[in-house]
Amino acid sequence: AHALRSIWIPVAATPFAFYAAYLHPADGLEKEPYSTVASVLAGHMLLTFIIGTALGYIFCWAFDRRDRFWLWFHTANWMTVPNLVISIPVLALAVLGSHEREVMDRALSVVLYYGVIVNACVAFRAFKVDWTLAGFFACMSIYVAQQIWNLMFWLNDVPIRWWG
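The structure displayed is predicted, hence computed values, not measured ones.

1. Focus: the pattern of salt bridges
Part 1 of the argument: Within this structure, the stated rule accounts for 4 salt bridges.
Part 2 of the argument: Note that Arg 101 is salt-bridged to Asp 105, the shortest N-O span being 3.3 Å. Pair noted here: Arg 101 and Asp 105 are both in helix H6 (residues 101–127), with a separation of 4 residues, about one helical turn.
Part 3 of the argument: We classify Arg 101 as partly exposed; its relative accessible area is 26%.
Part 4 of the argument: Linking Glu 102 and Arg 106 is a salt bridge whose minimum nitrogen-to-oxygen distance equals 2.5 Å. Of this pair, Glu 102 and Arg 106 both sit in helix H6, 4 residues apart, roughly one helical turn.
Part 5 of the argument: Of the residues examined, Glu 102 reaches a relative accessible area of 52% and is grouped as exposed.
Part 6 of the argument: When salt bridges that share partners are traced, they join Glu 30, Arg 101 and Asp 105 into one network.

Right, here's the structure in full:
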């Protein structure tokens, strides 16, 4: 029950994500109406949470760490706070137009990968597995998140820019 109460943290951050998407849409969504941007973001957030949680449980089950699942779940939810704190100044610079979009997208990618590294550290400590397995879990998480972006783009008829 204690871990389930931590769901309020990503839920509380959701309005910020939608406002950020309005101010600085993801790459490929710049010319789309906000309704499409919001639809893509909502689907991505919901599916990422559901599938990410399922992957965490499968990971726990596969390595016989089911007793550690709620610790990971609780900690992963709380990691929303530092990720949000780090994202705010970078997003503010992006919105203010202090640098070109391409430069700011790279900076936001660095913030994203910081979150992935933290995810690996959380998995390492929560699951008590080797650091390579924790790194694999983090890489799998980012792969799944990217595939969900692609799915949401496809479902909303948004062309996927595969490079540059």
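2. Details of the packing of helix H3 (residues 34–62) against helix H7 (residues 131–155)
Part 1 of the argument: At a minimum axis separation of 9 Å, H3 and H7 run at an interaxial angle of 150°. The orientation of H3 relative to H7 falls into the category roughly antiparallel. The crossing of H3 and H7 is right-handed. Where H3 approaches H7, its residues Ser 39, Val 40, Leu 41, Gly 43, His 44, Leu 47, Thr 48, Ile 51, Leu 55, Gly 56 and Phe 59 are matched on the opposing element by Leu 133, Phe 136, Phe 137, Met 140, Val 144, Ala 145, Ile 148, Trp 149, Leu 151, Met 152 and Phe 153.
Part 2 of the argument: Grouping the amino acids of the contact of H3 with H7 by side-chain chemistry returns 17 nonpolar, 5 polar and no charged.

3. A look at the confidence of the model for the protein chain
Part 1 of the argument: Averaged over every residue, the pLDDT of the protein chain is 90; the share at 70 or more is 98%.
Part 2 of the argument: In the model of the protein chain, helix H1 (residues 2–5) stands out as the element of lowest mean pLDDT, 84, in contrast to H3, which has the highest, 94.

4. Re the side chain of His 44
Part 1 of the argument: Within the fold, His 44 resides in helix H3.
Part 2 of the argument: Sequence-distant contacts of His 44, defined by excluding residues within four places in its chain, comprise Ala 145, Ile 148, Trp 149 and Met 152.

The rules behind each value
Residues numbered from 1 in each chain as written. Predicted model: local features only at pLDDT ≥ 70, side-chain atom pairs only at ≥ 80, totals over all residues. Heavy atoms only, no water. Salt bridge = Lys/Arg side-chain N within 4 Å of Asp/Glu carboxyl O. Helix = DSSP H or I, 4+ residues; strand = E, 2+ residues; numbered from the N terminus. Buried < 20%, exposed > 50% of the residue type's maximum accessible area, 1.4 Å probe, protein only. Axes fitted to C-alpha atoms, helices over the stretch in contact; angles between N-to-C directions. Parallel < 35°, antiparallel > 145°, perpendicular 65-115°, else oblique. Left-handed = near helix turned anticlockwise from the far one by under 90°. Contact = heavy atoms within 4.5 Å. Nonpolar A, V, L, I, M, F, W, Y, C, P; charged D, E, K, R; others polar. pLDDT = per-residue confidence, 0-100.

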